Amino acid sequence: MERFSMLIFVLLVACICRTLGNTCERQCGKKLFTCSCEPTCKSLKTCCADYSEFCVEISPYSGSIMGGTEFVILNATFNNTSNLVCRFHGNAVTEGYVDGDRRGHCVSPLLYRTGLVSVEISSDNGTTFSRTGTWLSVHTGKLDSKFKAAMVNSTQWQYYGTPNVGGTLNMTWNPSLVRADKVNIELWGYRETGEPYETDWRAEWKYLYTLAKDHPNTGSFSFVPKPGQNGSSSWELGSVRVSSNVHQEGKSHVQAVWTEDHALAWQLEEKFRQTSSAWALDKCLAWDKLEERIPSFIRELIDCPCTLAQARADTGRFHTDYGCDIEKGSVCTYHPGAVHCVRAIQASPLYGAGQQCCYDSNGTQVLTGDSIGGSTPDRAHDWGSPPYDIPPHVPGQSHWVYDVLSFYYCCLWSDNCQYYFKHRPSSDCRQYKTPSTAVVFGDPHFVTFDGVSYSFNGRGEYNLVTSESKQLSVQGRTEPVSGTINATKLTAVAMKESYFDIVEVRLASDQNSLEVLRDGKSLSFSEQSWIDLNGVSVFSPSPTNVTAMFRSGAGVEVRLREGIMTTTVLLPESFKSTTLGLLGRMNGDPADDLTLNNGQVVQNQSNPEEVFSFGVSCAITQLSSLFTYDTKYLLDTYASGPKHHVGFIPVFSIPENPNDPLANETSKICSGEGSQFCRYDILVGRSPSMGNASRASFQSHISLMKALAPVAACGYVAAPANGEKLGVSYVQGAKLTFSCNDGYTLQGSQDRVCQENGQWSGEMAQCVGPSNTAGIIAGSVIGGIVLILIITMAVLYCKRQSRKSKAGGSF
């Protein structure tokens, strides 16, 4: 009876809201006349009465791009007779159900894209979709292993049928991921059809056949594979799906758990098992011809960083390749000899290609000219790229088709890597330019892109970086350290590039973690650490660590130490001479970093009053603000009125009082370069922990600068024919030593060193065969004698012919 009364109440409220025109049905994200359907309405207590009913949250909120994850729709209630349907990204539809508590459930579909996608929910079998939410589709390589079916000894699966690889294959999964007593185990295949880069180029996942039907859901399955039948052996890439046996075999969009996509060596045709190397060579040669025919993508790729330190520090443009991660034991299956690889975050603009860069234990880039484990570019970016859905932009699978299967053909299933590396040569780093970096930390203190250090303790909202030509804006909010101290700290950073999503990172209410908002709505990283948004990706491996990465290659890192935010901005060279704001004009000239908005340059950068005037001039406007104002405090203090609080006058200089009880502690904590920032935060901010955090943040910035120090590179040099080369590094200071095989002589320089100007010392090394002067002379003499004989015979012949002619004329 109580449940019935609640249902009547919900229906009555919905009816009243519709009558008054203040319903959130199909209005989520909008502000209505008397109430709001915006995400901020919950904290501001301005929501329409039916907000939670129609602007829904779901749990779990993420799952594999392959689909099959069941989620529950929170807060909303449904009639037990409702026919629930969920629609993802406007087209992929799955069936749902209503449980005994009138909660709705749906299943995520197999998608061809990653990132946040819209979810629309219908309770009338798809006639109307009145409720909306979001779903996070995750790349299979980034998904936690506990949500996948595991191929036990995956190498055996992917080499099955090659010499000495056979037997029984085993797989395991968590039985709770499939709500059934018995399951079907099916093989699904992926392929791309049509002509590459033409309008008929399409991606296709297809059910191929069932490996086992009505198998007990024990979490394990073993089988001895056979070549696929009825043409299925031609499918070379796929995944095994475990789903409830109540569904028809091959039914799409049902609750399921999948293995990772992989090379289907175990079900290829019998010919592969008989002569796998010859079979693979034929495939390799066919791929080689295809690559010769379709456009090259190499020239539009970003160059690799020269060192591992640069690769790990350039967080705006490169991110760890999950297949070769030094933090996870460096299991580099496809790059033997490497300990860490990174991928360029952004795909190339025209072809959607990707760059991969791998490094050895010395921090040296590994090149394909020296090793099978070398860095390789990709025709299709592994993580996909907008517009997704179509080749070569499909996350994971497009990369497998054009870059991984071909590696199996040419390198792993046969010994013909020369064909692969011809089309996938390593990028060296001769064109790589390190990003410029600037930081704000502590009380707050600033180090500009050109290295100017200063403090600005204004209270308000200011431009940290603005670039009109690149359409990038990074804004910071400062608030008082406490009510009795005239010093401020950074509490929020909001950022946006072009027309894409706004990302805001701010101190959470507990002051011990960071909160991330997308267009005013809080993002959760409890299930995934990486979220692709519209035009920006956000990585948050811990509650105190957030990095935003933009399409331009700009990166913004926010770290929390001792409750104090540190924000680092990294900008590629393309931003040179385009930036303004508290982090300065990025042009290599520190003299003009502190330029007021009227164009006047601060003449005395050590004068705190002049510096303060510069900071005030960087205040944002109400129209330009990117911040979310979702509390009464923020509305009253920052949303309206001047963005710089003129009534707040900070302490400009560090008090020197030997009797200060914090003086001794300050001396112990603050020493070396940057000690003035640490001293200010303790003696003015009255906080040793803040001073310690500032010291650590400044040292981290110095370490980052060292990691990003430019390195001259001289380019790859091959070993001479009939000789050898010692050395695999090609950056400044590297030495290469050349030698020749027995019977050959070295010409050129034995040792060559990469110089500061990017040129190799010495001359190119060559190995020349043994001398054959006697043979050459003998050949010349014989040739001369033969020539004389030919000329003599020709003269005699001509004389004979002349006498015959005279004789004939006398008859």
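- Identification of the chain as Sushi domain containing 2 from Takifugu rubripes is taken from an unreviewed UniProt entry.
- The annotation that UniProt attaches to the chain under Subcellular location (unreviewed entry) is "Membrane".

### A short note on the overall build of the chain
Phase 1 of the analysis: Check the secondary structure of the chain and you find 15 helices and 40 strands.
Phase 2 of the analysis: The principal-axis extents of the C-alpha atoms in the chain amount to approximately 135 × 75 × 60 Å.
Phase 3 of the analysis: Buried positions account for 53% of the 811 residues belonging to the chain.
Phase 4 of the analysis: If the 67 positive side-chain charges of the chain are averaged to one point and the 78 negative ones to another, these points end up 6 Å apart.

### Points about the state of the cysteines
By definition, a disulfide links the sulfur atoms of two cysteines through a covalent bond.
Phase 1 of the analysis: A complete count under the given rule lists 14 disulfides for this structure.
Phase 2 of the analysis: Note that Cys306 is cross-linked by a disulfide to Cys429, the S-S spacing being 2.1 Å. As the torsion about the S-S bond is roughly 105 degrees, the Cys306-Cys429 disulfide counts as right-handed. Placement of the pair is Cys306 in the loop between α6 (276–293) and α7 (308–313) and Cys429 in the loop between α9 (417–423) and β21 (436–441), with a sequence separation of 123 residues.

### Section: unusual backbone geometry
Phase 1 of the analysis: Cis geometry marks the peptide bond from Ser59 to Pro60, where omega comes out at -5 degrees.
Phase 2 of the analysis: Going from Asp443 to Pro444, the amide bond is cis rather than trans, its omega being -25 degrees.
Phase 3 of the analysis: Of note, the phi angle at Asn75 is positive, near 70 degrees, even though the residue is not glycine.
Phase 4 of the analysis: Along the polypeptide, Asn75 turns up in the loop between β3 (70–74) and β4 (85–88).
Phase 5 of the analysis: Asn75 sits in the exposed class, given a relative accessible area of 51%.
Phase 6 of the analysis: The residue Asn230 is not glycine, and still its phi comes out positive at about 55 degrees.
Phase 7 of the analysis: As for its position among the elements, Asn230 is in the loop between β14 (220–223) and β15 (237–244).

### Considering the sheet that holds strand β32 (residues 545–550)
Phase 1 of the analysis: Strand order in the open sheet formed by 8 strands is β23-β22-β21-β34-β33-β32-β31-β30, and the pairing between neighbours is antiparallel. If you trace the sheet from one side to the other, it starts and ends with β23 (453–455) and β30 (530–532), each paired once. Ignoring strand direction, the axes of neighbouring strands in this sheet form an average angle of 15 degrees.
Phase 2 of the analysis: Relative to strand β22 (residues 445–447), β21 runs antiparallel, the two being bridged by 3 bridges. Opposite Phe441, over in β22, you have His445 as the bridge partner.

### Let's talk about the sheet that holds β3
Where strands meet in a sheet, backbone hydrogen bonds hold them as pairs that are either parallel or antiparallel.
Phase 1 of the analysis: The 4 strands are arranged β1-β3-β7-β6 in an open sheet whose pairing can be described as antiparallel. With one partner strand each, in any of the chains shown, β1 (57–59) and β6 (97–98) form the two edges of the open sheet.
Phase 2 of the analysis: Strand direction decides the pairing type here: β6 and strand β7 (residues 104–107), joined by 2 bridges, are antiparallel. Looking at the pairing, Val98 lines up with Gly104 of β7.

### Side note on the domain arrangement of the chain
Phase 1 of the analysis: Taken domain by domain, the chain consists of domain 1 (56–138), domain 2 (145–274), domain 3 (278–424), domain 4 (436–631 + 650–656) and domain 5 (723–768).
Phase 2 of the analysis: On a C-alpha basis, the centroid separation for the pair domain 4 and domain 5 is 48 Å.

### Here's the deal with the UniProt feature "domain: VWFD" (unreviewed entry) in the chain
Phase 1 of the analysis: Sequence positions flagged by UniProt for "domain: VWFD" (unreviewed entry) are, in local numbering, residues 436–626.
Phase 2 of the analysis: Counting secondary structure, residues 436–626 comes out at 5% helix and 47% strand; the distance between its end C-alpha atoms is 24 Å.

### Brief notes about the side chain of Asp403
Phase 1 of the analysis: With respect to the helices and strands, the residue Asp403 is situated in helix α8 (residues 397–412).
Phase 2 of the analysis: Residue classification places Asp403 among the buried residues on the basis of a relative accessible area of 2%.
Phase 3 of the analysis: Look past the residues within four positions of Asp403 in its chain and what remains in contact with it is Pro377, Asp378, Arg379, Ala380, Tyr420 and Arg424.

### With respect to the environment of Cys754
Phase 1 of the analysis: Within the secondary structure, Cys754 is located in the loop between β39 (751–753) and β40 (766–768).
Phase 2 of the analysis: You can call Cys754 buried: its relative accessible area is 2%.
Phase 3 of the analysis: Taking C-alpha positions, Cys754 is 47 Å from Gly194, a pair spaced 560 residues apart along the chain.
Phase 4 of the analysis: Apart from the residues within four sequence positions on either side, Cys754 is in contact with Ala712, Ala713, Cys714, Tyr730, Val731, Gln732, Gly733, Ala734, Gln759 and Trp760.

### Considering the packing of aromatic side chains
Phase 1 of the analysis: The tally for this structure, following the rule as stated, stands at 42 aromatic pairs.
Phase 2 of the analysis: Relative to Phe612, the ring of Phe456 has its centre 5.4 Å away and its plane inclined at 45 degrees; by these criteria the two rings are tilted. Pair noted here: Phe456 is in the loop between β23 and β24 (460–467) and Phe612 is in helix α10 (residues 608–617), with a separation of 156 residues, a long-range link. Phe612 carries the same exposure label as Phe456, and that label is buried.
Phase 3 of the analysis: Measuring from centroid to centroid gives 6.2 Å for Tyr633 and Tyr638, while their planes differ by 75 degrees, and the two rings are edge-to-face.
Phase 4 of the analysis: Since its relative accessible area comes to 37%, Tyr633 is described here as partly exposed.
Phase 5 of the analysis: By relative accessible area, which is 1% here, Tyr638 ends up buried.
Phase 6 of the analysis: Each member of the aromatic cluster is reached from another via a ring pair, and the members are Tyr159, Phe272, Trp279, Trp287, Tyr334, Trp400, Phe407, Tyr408, Tyr409, Trp413, Tyr420 and Phe421.
Phase 7 of the analysis: Looking at Lys470, its charged tip hangs above the ring of Phe575, at a distance of 5.5 Å from the centre.

### So, α8
Phase 1 of the analysis: Helix length check: α8, at 16 residues, gives a terminal C-alpha distance of 19 Å against a target of 22 Å (1.5 Å per residue), a shortfall beyond 12%.
Phase 2 of the analysis: Asp403 marks where α8 bends most, by close to 30 degrees.
Phase 3 of the analysis: The buried count for α8 comes to 15 of 16 residues, which makes it a mostly enclosed element.

### Some details on the packing of helix α13 (residues 675–683) against helix α14 (residues 688–707)
Phase 1 of the analysis: It is at 7 Å that the axes of α13 and α14 come closest, and there the two elements cross at 165 degrees. The angle between α13 and α14 places the two elements in the roughly antiparallel class. Classified by chirality, the crossing of α14 by α13 is right-handed. Residues Phe677, Cys678, Asp681 and Ile682 of α13 form the contact with α14, whose participating residues are Pro688, Met690, Gly691, Ser694, Arg695 and Phe698.
Phase 2 of the analysis: Looking at side-chain class alone, the contact of α13 with α14 contains 6 nonpolar, 2 polar and 2 charged residues.

### Describing the nonpolar core
Phase 1 of the analysis: Ranked by size, the top nonpolar core spans 104 residues in total, and within it Ile73, Trp413, Tyr454, Leu464, Met495, Leu571 and Leu582 carry the most contacts.
Phase 2 of the analysis: It is α8 that contributes the most residues to this core, 10 residues altogether.
Phase 3 of the analysis: Setting aside its immediate chain neighbours within four residues, Leu571 contacts Pro435, Ser436, Phe449, Val465, Leu472, Ala554, Thr579 and Met586.
Phase 4 of the analysis: Counting 23 residues, the second-largest nonpolar core is a separate cluster that includes Val178, Ala180, Val183 and Phe223.

### Concerning the packing of α6 against α8
Phase 1 of the analysis: For the pair α6 and α8, the least separation of the axes is 7 Å and the interaxial angle reads 135 degrees. Classified by the angle their axes make, α6 and α8 are oblique. Of the two elements, α6 crosses α8, and the hand of that crossing is left-handed. On α8, the residues that touch Trp279, Ala280, Leu281, Lys283, Cys284, Trp287 and Leu290 of α6 are Tyr402, Ser406, Tyr409 and Cys410.
Phase 2 of the analysis: For the contact of α6 with α8, the per-class residue count stands at 9 nonpolar, 1 polar and 1 charged.

What counts as what
- Residues numbered from 1 in each chain as written.
- Predicted model: local features only at pLDDT ≥ 70, side-chain atom pairs only at ≥ 80, totals over all residues.
- Heavy atoms only, no water.
- UniProt positions renumbered as here; feature names shortened; annotations may be inferred.
- Helix = DSSP H or I, 4+ residues; strand = E, 2+ residues; numbered from the N terminus.
- Buried < 20%, exposed > 50% of the residue type's maximum accessible area, 1.4 Å probe, protein only.
- Lys, Arg positive; Asp, Glu negative; His and termini not counted.
- Charge placed at Lys NZ, Arg CZ, Asp CG, Glu CD.
- Disulfide = S-S within 2.5 Å.
- Pairing = 2+ DSSP bridges.
- Axes fitted to C-alpha atoms, helices over the stretch in contact; angles between N-to-C directions.
- Domains from an automatic or database assignment.
- Contact = heavy atoms within 4.5 Å.
- Phe/Tyr/Trp six-rings, centres within 6.5 Å; stacked < 30°, edge-to-face > 60°.
- Lys NZ or Arg CZ within 6 Å of the ring centre and 35° of its normal.
- Expected span 1.5 Å × (residues − 1).
- Bend = angle between axes of the 7 residues up to and from the residue.
- Parallel < 35°, antiparallel > 145°, perpendicular 65-115°, else oblique.
- Left-handed = near helix turned anticlockwise from the far one by under 90°.
- Nonpolar A, V, L, I, M, F, W, Y, C, P; charged D, E, K, R; others polar.
- Core = buried A, V, L, I, M, F, W, Y, C linked by side-chain atoms within 4.5 Å.

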